[in-house]
Each structure stands twice: as C-alpha cells, then as structure tokens.
Number of protein chains: 2
Amino acid sequence: MSFVDIVESIRKDVEAYKSEKRTPVYLALNESPHPFPEGLLKEFFEKVDPATLRTYFDSPCEELVKQIAEYVSTERWKARVDQISIGNGADEIIYNLLNMFKKLRIFIFPPTYSCYEIFARALGVRLRKVPLVGERLNLKFLKKVLSQDCVVFLPNPNNPTGHLFEEEEIFFLLKTGSLVVLDEAYYDFCGKSYVSFVEEFENLIVVRTFSKAFCLASQRIGYMVASSKLIDAYDRIRLPYNVSYLSQMLASLVLSKRDIFFERVRRIVQERERLKEKLRRMNFKVSDSVANFVFIYLEDDEKERMHRLFLENGVAVRKTEFGIRIGVGSSEQNELVLKILEGFRC
Amino acid sequence: MSFVDIVESIRKDVEAYKSEKRTPVYLALNESPHPFPEGLLKEFFEKVDPATLRTYFDSPCEELVKQIAEYVSTERWKARVDQISIGNGADEIIYNLLNMFKKLRIFIFPPTYSCYEIFARALGVRLRKVPLVGERLNLKFLKKVLSQDCVVFLPNPNNPTGHLFEEEEIFFLLKTGSLVVLDEAYYDFCGKSYVSFVEEFENLIVVRTFSKAFCLASQRIGYMVASSKLIDAYDRIRLPYNVSYLSQMLASLVLSKRDIFFERVRRIVQERERLKEKLRRMNFKVSDSVANFVFIYLEDDEKERMHRLFLENGVAVRKTEFGIRIGVGSSEQNELVLKILEGFRC
C-alpha cells in the first residue's frame, strides 16, 4: 500500500464534511439564538494579555478545570480536578474516544448524533448500530451483546429527537460493564445529568459542551468527566495545548457569570414548550424534546417536502433519517417556523 | 480486551505530556519574545462580532485560506485555496497525518522534533528512527529503504538544531516517492521554503504555523500546503470546526499586517546571529541555526550541568538528547544567557 492508495480510499469511502449554507434564519445546528452578551465581551477584552497571546498557554487548562469541577458538583457528589479534561469542542473528545477504543466493539443507537458515524468513517472505525425501538433502547438485544469489551455512545437528551432516556435504561448500560459515553451536550436545557455517578461507575464518561447554553459554539470548548484513571489515560493521548487561551478565558468568564445564561436557557425552554404544544395541536408527531430544539417525525416524502418549504422561506432546519429537527430560535423566528408549518398540509 | 486494558496500557506505555514550569525567563518553547502588538489587539476587539461567537463558524476557514494562499505564493508558483488546510496548531496536522498514514512505514531522523514520537506513542503508531550523520540525512541507508509505502517527517530548519538541510537532501527524499512531511515551523526566520514544489511533487506536504513569527502560539493555528487531492482527503478526516472563530480572525489580522512581524523577525535574526557568534567565541559547539533558537551540542554530564545552571538562574531552556536548545529572547534575556554561560566552564 502507498500513501496514494490511502488518499484514494479516503476520497472514495469518507464523505466530505460540508458546512450547510447559512440562510437568513438558521436553525440547523442548535446554536443559541442569543448573541454573546456585550457586557461580558467587554470584560473579556479587558482581560486579554498581549504577552500571554504569544505563549503556549496552560495545556491542562487548570483554572477552567477548577471552575468546571465546581460547576458539575452536586449535593451528593463533589467533582475533583483529576476527573475532568477539556476538549477542542465536545466533538474532539468524541473523535479521540472513538480512536482510543477502536479495538473494542462500539455501539450507537439510531436515530442518534450524526457525528458518531462521520468521525468513525474518518477514523476507519467500525460502528455497530442498534436502532431504538420507538424511543427506547432495544434492551432485549443489548442484554445479549453488551459486555466489558464494548463501548456505547448515547446522547442524553437524545439528538435529533431531544427526548431523555429512562434512568433504568442508563443504569442497564452501566451495569453491562460497557464503557458508556453519555453525551450531555443538551444537559443545560433539562437539568438531568448522570455526572455524579462517575465515582460509582468507572465505565462512565460524561461529555458536555459550552456551545449550546453558553453561546460559545465558535470557540470550541467541551469537557469530559470520568474516573481519574480514565482521564489520566485520555490526557496522555490527546493533543497538548488543544484549547486556545482565548477559549479558556471565555469559558471561565461564562461560568463565573452563569446566571446570565441560565436566564436565557429559561427563555429557550419556554419557547420550546410553546413550540411543541403548537405543533401537537397541528397534529404533527412531535417527540418530547427537553433540549433546545424540537423534532417532527415524518415519512420520507413529507420530510423532503417540509425541508423544501422551509428553505423556500429562508429557514434552514436539519433533515435527518426519521424527520425534521428545528432549533428553538428567538420568538420571532419561532413564529416564522409556526407560520410556515401552518401552510404545510394545505 | 476491555476498555480497562486499553486504559491501563496507555497509562503504562504513553508518557504524560507535561507542561514545563514557567520560570521568570522562559526560553524553552521558541515563543516570540515580543508580546502581541497592542494596536492590532485593539483592531481585533473592534472586529469581534457577538452574534458570530454563538455560531459554528466557517469550518473550511475560507477567508484565512485565501490569505494564506496569497502569503505562500511565490514568483514561480501561485497557490490555490484547494491546496491548503488549517489546523488547531501545526501539531494537530502532524497528529492527524501520523494517524492517517499509520499503516505505512514512518521515518523520523533524530535529533528531531520531540512531538513526532510523543504523538506516535499516543496513537499507537510505530516510528522508524534513522539518526542524522553529523547534521546530514543517512542517504546511503535511506536509498535502500525509502519507497512509495513510506512517510518521512522532517523539520526544515531542523528542530532542535535549527540547521537547514541541503536542497539535494530534500529532493532525494521527494524522488524516493515517499510521502514527505516537511515541517517549516521556523520558515519565517530563514526564508527558505519548498512550498512551491507541491505542484511538481504530489508526495510533498509542507506544514507551517502562526505560533512563532506571528506571536500567536496560544491561539493554535497551523496550516498545510499540498496537492489538492491530498488536501481533499485530509479535510475528510480532520475534525470539522477545528479552528475557532477568534483564532481565524487573529491569523487573518496578522497576515494583513505582516510587516509588523517581519520587522520583529529581523530583530530576532540579528540577536540569533549575535548569540551564535558569542557562543562560538566561548568555544561552545554551536549548530548553524537559522531558526529563532540556538543549539549547543553537549555530552550528557555537561548538558545536565548547564541545564541546572540555567534553572538556578531562573532561565528555562530545553534539554534534548544531544544538547541544550535556547530560544532567542529579548536583548536583555540574551545578555543574561551569555552571562550565565560565561560562568559555565570556570
């Protein structure tokens, strides 16, 4: 084999990751509808040190890790700094975990986060797919196959549907001994987390992000919480200096002023509930999303028609295998979404 | 095998990447001695858009790629945007290339950049080491082993010695058909580049960085130039959105005001030449570095003694297998280095 063969096989087998064209109303990536707070941005500017910019800055991200430990701690459990590592977005963590555990049998549960498959193809890692039954894990089948030589990737709330899995489903996974990568990217919109169980379950990894609730998608900051053994191993395989100085500063800043973002989250949650209710009244089959998006189950032809209708009206939404995912936008954007959908079944 | 086995084997086999303790005078990482220009920082602040911060921003880095294409173009060759990809530091590119081509036979030439080995161990990739003979490639041996199923990683100027390889050595590598990853991290301090040969040699990848001459180490921005086929394949396996919005903006800004940095580079080069001359007069065996550091060849015991002497005087330098590497600092810092070394052989 030569490098030419490898290049050709990637070009044949791995789809290029394409950014979508941005329309005037862009609700395809579950970004925050609120711009980053201007006051905080000013505070940020005042803190940037030109003498630090020139340096390789704090690869363990010590200050930020301390703040995250405090943020994720609960009444029943206090996180330690050796249980946390920071990523260039949660995506880098997922990408690295796929690569790190590629020799094990890796499972995903469609409909699920699209990047698991995109990254696995990029890395030449094989994934096993066990589709959800309704919105539940296929426990009957999984009981037979999951063991200590398996890894499962599960978003909770799920993506693209936004629904939460039952506690018994999560604990079932944990008790199989499989490594469980629980992707809590949308945690802040529902408050349900399993992060406090990393002490009891050494096979649990919880992944989180600053991209959604904290308005920092562009700055690529995610984190993982797990046993100190797992974090230590992970820190040895990740790229040093993977998160930039300015990104570390911004993440620290939003955590120190988190109430601003919690208030915004409350507004997004209100809008999400309003959207779900209105869509149900229009007789759409809507999942019980607790994230910052709603999901409409649709047959293929209706899905295509709805996607086109949105695009014709300048709104980008996410078309997935089982339906359409729509990010919760500003009140005006959500009104536009509802107005477009009112015309859908005429 | 279970995930516990993988975690344990990483903890056993892969050294943790440790950031060095920063001393008052820190010359261990070849950072720019000059802080980021305050005027440019103000321009940067004026351009940051709070509504963009909340979004997933421009994964192909279109604007920045255009500017880099213009920057790397020469009289004999104009770069196209499809010949360039951006990395979360040049290190991410090196890390990804090692993983992408791990099935081939990969060669490095010690003394060389330490991260090739650190990343290879992290990725479980085997490296073959063919030590330099003096400061030259072992062509006699390499003639026998290099072919299309090989990859070579070579810094030029070399790191940690800072010397340039001869043109005939570079063209020898290219003509073997091996994939040649030429690491031009220190290009700006010598002006010698092979980037204009990516058209003739489809097996050439040139890697560059904004971390050294452009005072942006903390922001993690590197790039690669290669044939469009190779770039296309690489873009399919890299993490999408790998470079943050603010990092893209800063890199664009420094390229648009590059004269500021060229002036600083001229001063660093002057200081480097002064340092080399003085060190030679002190009878140290100094390599002919054309980078932003100098290198003193030393036997083990002298190396340890010199390293300790620097630390006792609050100066961090880099101890490597064959000697001590010292970053070119400000005039005052360089004076301190010389003063410390004057006391070395008493």
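Whatever comes next refers back to the structure up there.
Residues numbered from 1 in each chain as written. Chains lettered and ligands numbered in written order. Predicted model: local features only at pLDDT ≥ 70, side-chain atom pairs only at ≥ 80, totals over all residues. Heavy atoms only, no water.

### Remarks on the relation of the copies chain A and chain B
Turning to step 1, where the next piece is worked out: Screw-axis analysis of chain A against chain B gives a translation of 0.0 Å along the axis, an RMSD of 0.0 Å, and a rotation angle of 180°. The superposition operator between the copies reduces to a two-fold rotation axis. The position closest to the rotation axis in chain A is occupied by the C-alpha of A:F45, lying 3.4 Å away.
Turning to step 2, where the next piece is worked out: With an isologous cut-off of 70% or more, the 100% of interface residues of chain A that recur at the interface of chain B puts this contact in the isologous class. (Least-squares fit on C-alpha atoms with pLDDT ≥ 70 in both. Contact = heavy atoms within 4.5 Å.)

### Focus: empty space enclosed by the protein
Turning to step 1, where the next piece is worked out: Scanning the model with the defined rule gives two cavities of 30 Å³ or more in all.
Turning to step 2, where the next piece is worked out: Taken as a whole, the largest cavity holds about 80 Å³ of empty space.
Turning to step 3, where the next piece is worked out: Forming the boundary of the largest cavity are A:E92, A:Y95, A:N96, A:L239, B:E92, B:Y95, B:N96, B:R238 and B:L239.
Turning to step 4, where the next piece is worked out: Where the lining of the largest cavity is concerned, the elements lending two or more residues are α5 (90-100) of chain A together with α5 (90-100) of chain B.
Turning to step 5, where the next piece is worked out: For the lining of the largest cavity, the residue count by class is four nonpolar, two polar and three charged.
Turning to step 6, where the next piece is worked out: For the second largest cavity, the calculated volume is near 50 Å³.
Turning to step 7, where the next piece is worked out: Along the walls of the second largest cavity sit 14 residues, with A:N88, A:S244, B:N88, B:S244 and B:S247 positioned nearest its centre.
Turning to step 8, where the next piece is worked out: Across the lining of the second largest cavity, the residue classes tally to two nonpolar, ten polar and two charged. (1 Å grid on protein atoms, 1.4 Å probe; cavity = no way out; pocket = protein on both sides within 12 Å on 5 of 7 lines; lining within 4 Å. Points joined across faces, edges and corners; volume = space filled by probe spheres on them. Helix = DSSP H or I, 4+ residues; strand = E, 2+ residues; numbered from the N terminus. Nonpolar A, V, L, I, M, F, W, Y, C, P; charged D, E, K, R; others polar.)

### Focus: the packing of aromatic side chains
Turning to step 1, where the next piece is worked out: Inspection of the entire model under this criterion finds 41 aromatic pairs over all chains.
Turning to step 2, where the next piece is worked out: On the numbers, 6.1 Å between centres and 40° between planes, the contact of A:Y194 with A:F197 is tilted.
Turning to step 3, where the next piece is worked out: Measuring from centroid to centroid gives 5.6 Å for B:Y95 and B:F119, while their planes differ by 70°, and the two rings are edge-to-face. Taken together, the residues span a long stretch of sequence, with B:Y95 in helix α5 and B:F119 in helix α6 (residues 114-123) at a distance of 24 residues. Each member of the pair B:Y95 and B:F119 is classed as buried.
Turning to step 4, where the next piece is worked out: Put simply, the rings of A:F36, A:Y71, A:F210, A:F214, A:Y223, A:F261 and A:F262 touch in pairs and so form one group of aromatic residues.
Turning to step 5, where the next piece is worked out: Above the face of the A:F344 ring, A:R305 is positioned so that its terminal group lies 4.3 Å from the ring centre.
Turning to step 6, where the next piece is worked out: Taking NZ or CZ as reference, B:R22 lies 4.2 Å from the ring centre of B:Y26, over its face. (Phe/Tyr/Trp six-rings, centres within 6.5 Å; stacked < 30°, edge-to-face > 60°. Buried < 20%, exposed > 50% of the residue type's maximum accessible area, 1.4 Å probe, protein only. Lys NZ or Arg CZ within 6 Å of the ring centre and 35° of its normal.)

Worth remembering: the numbers are spatial, not functional.
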